[in-house]
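Here's the letter readout for the chains.
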Amino acid sequence: MAKLYRCEICGDAYVGFSPPPNCPFCGAHDEHIKEAGKAEVNFDVELTAKDRANAERALGVEISNAAFYMCAAAQTDDPEGKILFKALGKIEAEHASIWKKILKLETVPTGGDSCHTQNVANLKESHDRETRAINFYRNAAAEADHPRIRQIFEALVDIETDHLHLSEERLK
Ligand SMILES: [Fe+2]
Ligand SMILES: [Fe+2]
Ligand SMILES: [Zn+2]
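Since the structure is predicted, the reported quantities are computational estimates derived from the model, not experimental observations.

The pairing of strand E1 (residues 3–7) with strand E2 (residues 13–16) spans 4 bridges and is classified as antiparallel. Bridged to Arg-6 within E2 is Ala-13. Connecting the antiparallel pair E1 and E2 is a turn made up of 5 residues, with Gly-11 showing a positive phi of about 85°.

Set out below in structure tokens:
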């Protein structure tokens, strides 16, 4: 029988026979997915100046990476690459929306990042972008004042590491 599950990182719900191993929306790992009635999802966080600055910077990173991936999905010269970059673009857009909720913004601004036609160039840029994101999120988690901000940054480190492995596999 189908059940309703909910991701504690992005707050989105999933209907299925069993909990998904990763959130289909933000990519959070299974430890963050609960039966909907038991999930604790909080976007109403009192932000210190440091947490706010890191949340704003993270929003910028996610907007920029979402725009890059959507560009790459349209322009890369490899059929599987198009599918990969579209999937990653949707996930990064979901990450931007997490920070939008934390920062209580009305909308998410659109990024204008460009990309390449050569698939290998897009994979390399993906690798660089994910590496930078992981390093920043790891530091932001370590210095977070609020436990919810730390939880989100720690989950994002795991998710972006999954993305890093996708480009690493293809660049071998
Ligand atoms: Fe992301
Ligand atoms: Fe990513
Ligand atoms: Zn999620």
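Turning next to helix H2 (residues 79–102). Helical periodicity: at 3.6 residues per turn, an α-helix aligns residues three or four positions apart in one direction. With 24 residues, H2 extends 36 Å between its outermost C-alpha atoms, agreeing within 8% with the 34 Å of an ideal straight helix rising 1.5 Å per residue. Note on H2: the residue one or two positions beyond its end, Lys-104, has a positive phi of about 55°.

Quick look at helix H3 (residues 119–143) now. In this model H3 runs 36 Å from its N-terminal to its C-terminal C-alpha over 25 residues, within 8% of the 36 Å that 1.5 Å per residue would give. Within H3 the residues assigned to the buried category are Asn-119, Asn-122, Leu-123, Ser-126, Arg-129, Glu-130, Ala-133, Tyr-137 and Ala-140. On its buried side, H3 packs onto helix H1 (49–75), H2 and helix H4 (147–171).

The next subject is the domain arrangement of the protein chain. Annotation of the protein chain at the domain level lists domain 1 (3–38) and domain 2 (49–171). Once you take the C-alpha centre of each, domain 1 and domain 2 turn out to be 20 Å apart. In this complex, domain 1 contributes 8 residues to the contact, which on the side of domain 2 involves 9 residues. Class assignment for the residues of the side of domain 1 that touches domain 2 results in 5 nonpolar, 3 polar and no charged.

Where H1 meets H3, the axes come as close as 11 Å, and the angle between the chain directions of the two elements is 165°. When the axis of H1 is compared with that of H3, the two are roughly antiparallel. For the element pair H1 and H3, the recorded crossing hand is left-handed. Two secondary-structure elements touch here, H1 through Lys-50, Asn-54, Ala-58, Val-61, Asn-65, Phe-68 and Ala-72 and H3 through Asn-122, Glu-125, Arg-129, Ala-133, Phe-136, Ala-140 and Glu-143. Class assignment of the residues belonging to the contact of H1 with H3 gives a composition of 7 nonpolar, 3 polar and 4 charged.

Parameters at a glance
- Residues numbered from 1 in each chain as written.
- Chains lettered and ligands numbered in written order.
- Predicted model: local features only at pLDDT ≥ 70, side-chain atom pairs only at ≥ 80, totals over all residues.
- Pairing = 2+ DSSP bridges.
- Helix = DSSP H or I, 4+ residues; strand = E, 2+ residues; numbered from the N terminus.
- Expected span 1.5 Å × (residues − 1).
- Buried ≥ 20, exposed ≤ 12 C-beta atoms within 10 Å, placed from the backbone.
- Contact = placed C-beta atoms within 7 Å.
- Domains from an automatic or database assignment.
- Nonpolar A, V, L, I, M, F, W, Y, C, P; charged D, E, K, R; others polar.
- Axes fitted to C-alpha atoms, helices over the stretch in contact; angles between N-to-C directions.
- Parallel < 35°, antiparallel > 145°, perpendicular 65-115°, else oblique.
- Left-handed = near helix turned anticlockwise from the far one by under 90°.

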